[in-house]
Amino acid sequence: MERRHSQQRERIYQTVAASYGHPTAQMVYDALRREMPQLSLGTVYRNLRQLAQEGRLRELDGPTARYDSVLRPHSHIRCLRCGALADAGTPYDPALDQGDVARGWTVRGHDLLFHGVCPACAEKIENQIY
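Calculation criteria
- Residues numbered from 1 in each chain as written.
- Predicted model: local features only at pLDDT ≥ 70, side-chain atom pairs only at ≥ 80, totals over all residues.
- Heavy atoms only, no water.
- Patch = residues over 30% accessible without salt bridge, like charges linked within 9 Å, V, L, I, M, F, W, Y side chains within 5 Å.
- Areas by Shrake-Rupley, 256 points an atom, 1.4 Å probe, with all protein chains shown as cover.
- Salt bridge = Lys/Arg side-chain N within 4 Å of Asp/Glu carboxyl O.
- Helix = DSSP H or I, 4+ residues; strand = E, 2+ residues; numbered from the N terminus.
- Buried < 20%, exposed > 50% of the residue type's maximum accessible area, 1.4 Å probe, protein only.
- Contact = heavy atoms within 4.5 Å.
- Axes fitted to C-alpha atoms, helices over the stretch in contact; angles between N-to-C directions.
- Parallel < 35°, antiparallel > 145°, perpendicular 65-115°, else oblique.
- Left-handed = near helix turned anticlockwise from the far one by under 90°.
- Nonpolar A, V, L, I, M, F, W, Y, C, P; charged D, E, K, R; others polar.

Engineer: Explanation requested: a nonpolar patch on the surface in the structure shown.
Structural biologist: Together, Ile77, Leu112 and Phe114 make up a nonpolar patch on the protein surface, roughly 210 Å² of accessible area in all. If you trace the backbone, isoleucine 77 turns up in strand S3 (residues 76-79). Classification of isoleucine 77 by relative accessible area gives partly exposed; the value is 35%.

As structure tokens, then:
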């Protein structure tokens, strides 16, 4: 039985790693449920949390948690309309972890999240499609 769970966990990890959209647990579940009909949404949530605790995935905060397999520091951009999340092209700046950012604090890192409107939503706005 443990073997099946390990296979499930590995397929969950692979699904996140293959996605550029920083999937939610529901998105991972939807991608795998035909391939793995015995898989439950609860199992996906538990395995994503465990993968994040193990340091294999990064859990990104937001209205709904999303997961990223890219562990190196990098920034993200979130669409204000549809909630899509993508890697931003902005390089990580370690200088932000030093200096006067937080007087008296020992900074261990930072997350930078840009907010905007994704190309798909911008096109809908331009074409007045709702």
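Engineer: Even after reading the chapter, I still don't get the side chain of glutamine 8, so can you show me in this structure?
Structural biologist: Within the fold, glutamine 8 resides in helix H1 (residues 2-18). Once residues within four sequence positions are removed from consideration, glutamine 8 is found in contact with Met36, Gln38, Leu39 and Thr43.

Engineer: What exactly am I supposed to notice about the packing of helix H2 (residues 25-32) against helix H3 (residues 41-53) here?
Structural biologist: Each packed pair of helices is defined by two parameters, the angle between the axes and the distance between the axes. For the pair H2 and H3, the least separation of the axes is 9 Å and the interaxial angle reads 120 degrees. Compared by their axis directions, H2 and H3 come out oblique. Judged by the sense of rotation from one axis to the other, the crossing of H2 with H3 is right-handed. Contact residues: Ala25, Gln26, Val28 and Tyr29 in H2; Leu41, Val44, Tyr45 and Leu48 in H3. Of the residues that constitute the contact of H2 with H3, the class distribution is 7 nonpolar, 1 polar and no charged.

From the geometry alone we can't say anything about function, so treat these as descriptive.
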